[in-house]
Amino acid sequence: MARVPPLNRRSNPGKDTAGPDDPLSRLQPRWGRSVLKADSAATVKRRPDLERALVDNSKNPGLASDAMRQRMLGRLTEQGISDASVLDAIAKVPRHVFVDDALASRAYEDTALPIGFQQTLSQPYIVARSLSLALRLGSSLAGGLALEIGTGCGYQAAVMSHLFPTTVSVERIEGLHTLARRNLADLARPNLHLVLADGLEWAALNGPFDWIILAAGLTDIPQGLLRQLRYGGVLVAPVGWPEQRLVAVRRGDTEPQASEFEREDFDLVQFVPIVKGVQR
Ligand code: SAH
């Protein structure tokens, strides 16, 4: 794959700490925010005693999963995720629906989980981190079309559908595409569209997008994929081998900066690799 020469590279492996003094915090998209009050993350109440009681109550799995989800949100906040719209979106998606029954009790742990076909569902922190970066770096020029490459079981796509006006998620393995359809059937997300295709090929024909989020790793970011970003758009992807980092690339807002792409490297991560072609 081609290298990406015009990137201005900055390294920022730290936590998601955009505060009012951070110039990036001013680059917020004008939609998809403020569903919760800005300080809502800090007000997630932790009641371990109550949570344990609910978790043990097998007659009430709905309440138990609500409590476990609250606990997961508390952990994400402690890990430095501060974007209220991301925390709110995660709060709305029942993660246990997306994993095998045998793993449902582990659905709210901060861990990657197997979803079959040798693929994994990313740990909640990585989902939250990827989406926080996408929102933090996105420009007010960006509109509302988000692309995920790598639907897997559909969990991150469901979270994205609560953040972006329209999300398209592309998966290359037919069995996973079908599984995601099944997992999402009861969640009623009319603004989420699932596609069975090679994500890189599909993106080249169907852009531009305001946001491109890759859920599978690349050794380098293909120029062709960056060209599918709208002006002011952001791509977030796991990049590099053997050391892989979550990388965000932002396209300039207007000409001539629109042909410039600014890259920042963040957390060390371990994603499954992007694979070419459709597997039926
Ligand atoms: N976001 C997913 C986890 C994805 S795991 C979730 O929430 O469950 C990475 C996924 O990327 C796998 O399902 C894998 O099949 C898919 N993938 C890898 N290469 C791809 C490609 N070229 N196009 C589309 N999907 C791809």
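Enquirer: Break down the overall build of the protein for me, citing the residues and quoting the values.
Expert: When helices and strands are tallied, the protein shows eight helices and 10 strands. A fraction of 63% describes how many contacts in the protein between residues 6 or more apart in sequence connect residues 24 or more apart. With an accessible surface of roughly 13,000 Å², the protein has 53% of that area assigned to carbon and sulfur atoms.

Enquirer: Just give me the short version of the packing of aromatic side chains, but keep the residues and values in it.
Expert: Evaluation of the coordinates by the stated rule reveals three aromatic pairs. Geometrically, the ring pair formed by Phe 98 and Tyr 155 is edge-to-face, given 5.7 Å between the ring centres and 75 degrees between the ring planes. Of this pair, Phe 98 sits in the loop between α3 (84–92) and β2 (113–116) while Tyr 155 sits in helix α5 (residues 155–161), and the two are 57 residues apart along the sequence. Positioned above the aromatic ring of Tyr 155, the side-chain terminus of Arg 95 is 5.4 Å from the ring centre.

Enquirer: How would you summarise the nonpolar core if you had to cite specific residues and measurements?
Expert: The nonpolar side chains of soluble globular proteins are, as a tendency, buried together. Judged by nonpolar contacts, the single largest core of 52 residues is most densely connected at Leu 76, Val 86, Ile 90, Leu 131, Tyr 155, Phe 164 and Val 236. Sort the elements by how many residues they give to this core and helix α4 (residues 124–137) lands first, with nine residues. One finds Ala 203, Phe 209, Leu 225 and Val 249 within the second-largest nonpolar core, a separate group that totals 25 residues.

Enquirer: Just give me the short version of the environment of Gln 228, but keep the residues and values in it.
Expert: Relative to the helices and strands, Gln 228 is located in the loop between α8 (223–226) and β8 (229–239). Take Gln 228: its relative accessible area is 14%, and that puts it in the buried class. A sequence separation of 25 residues divides Gln 228 from Ala 203, and the C-alpha atoms of the two residues are 6.9 Å apart. With residues near it in sequence (within four places) discarded, Gln 228 still touches Ala 203, Ala 204, Gly 207, Pro 208, Phe 209 and Ile 212. Among the polar contacts listed, one links the side chain of Gln 228 to the backbone nitrogen of Gly 207, at a separation of 3.4 Å.

Enquirer: Before we move on, could you go through the site of the ligand and cite the residues and values that matter?
Expert: Taken together, 26 residues surround the ligand, and among them Glu 148, Gln 156, Glu 171, Gly 199 and Val 275 come closest. A distance of 3.0 Å is found between a nitrogen atom of the ligand and a side-chain nitrogen or oxygen belonging to Glu 148. Within the backbone of Gln 156, one N or O atom sits 3.1 Å away from an oxygen atom of the ligand. Considered on its own, the ligand offers 580 Å² of accessible surface; in the complex 99% of this is hidden by protein. At the level of secondary structure, the elements contributing two or more residues to the shell around the ligand comprise β3 (119–121), β4 (145–149), α5 and β5 (166–171). The element contributing the most residues to the shell around the ligand is β3, with three residues. Taken together, the residues of the shell around the ligand sort by class into 14 nonpolar, eight polar and four charged.

Rules and cut-offs
- Per chain, residue numbering runs from 1 following the sequence as it is written.
- Only residues with pLDDT of 70 or above have their local features reported here, since the model is predicted, and side-chain atom pairs are shown and tallied only from 80 upward, although totals for entire chains, interfaces and linings are computed over all residues.
- As a rule here, side-chain values come from all non-hydrogen atoms in the structure, and water together with hydrogens is ignored.
- The helix count covers DSSP runs of H or I at least four residues long, the strand count covers runs of E at least two residues long, and both are numbered beginning at the N terminus.
- Contacts are assigned to residue pairs that have any heavy atoms within 4.5 Å of one another.
- The protein chains shown are the only cover counted for residues, whose accessible areas, like all others here, come from Shrake-Rupley with a 1.4 Å probe.
- Classification of ring pairs uses Phe, Tyr and Trp, with its six-membered ring standing for Trp, and accepts pairs whose centres are within 6.5 Å; under 30 degrees between planes counts as stacked, over 60 as edge-to-face, and the remaining range as tilted.
- Criterion for a charge above a ring: Lys NZ or Arg CZ within 6 Å of the ring centre, and within 35 degrees of the ring normal.
- We call a set of buried Ala, Val, Leu, Ile, Met, Phe, Trp, Tyr and Cys residues a nonpolar core when their side-chain atoms join them within 4.5 Å.
- Exposed residues in this analysis have more than 50% of their type's maximum accessible area, buried residues have under 20%, and partly exposed residues fall in between, with area computed by a 1.4 Å probe over protein chains only.
- In the analysis that follows, any N or O atom pair within 3.5 Å is treated as a polar contact, provided that within protein one partner can donate a hydrogen and the other can accept it, and provided that, for residues neighboring in sequence, both atoms belong to side chains.
- Only heavy atoms are used to decide nearness, and a residue is near a molecule or strand if one of them lies within 4 Å of it.
- We call Asp, Glu, Lys and Arg charged. Ala, Val, Leu, Ile, Met, Phe, Trp, Tyr, Cys and Pro are nonpolar, and the rest, Gly among them, are polar.

Geometry only, nothing functional implied.
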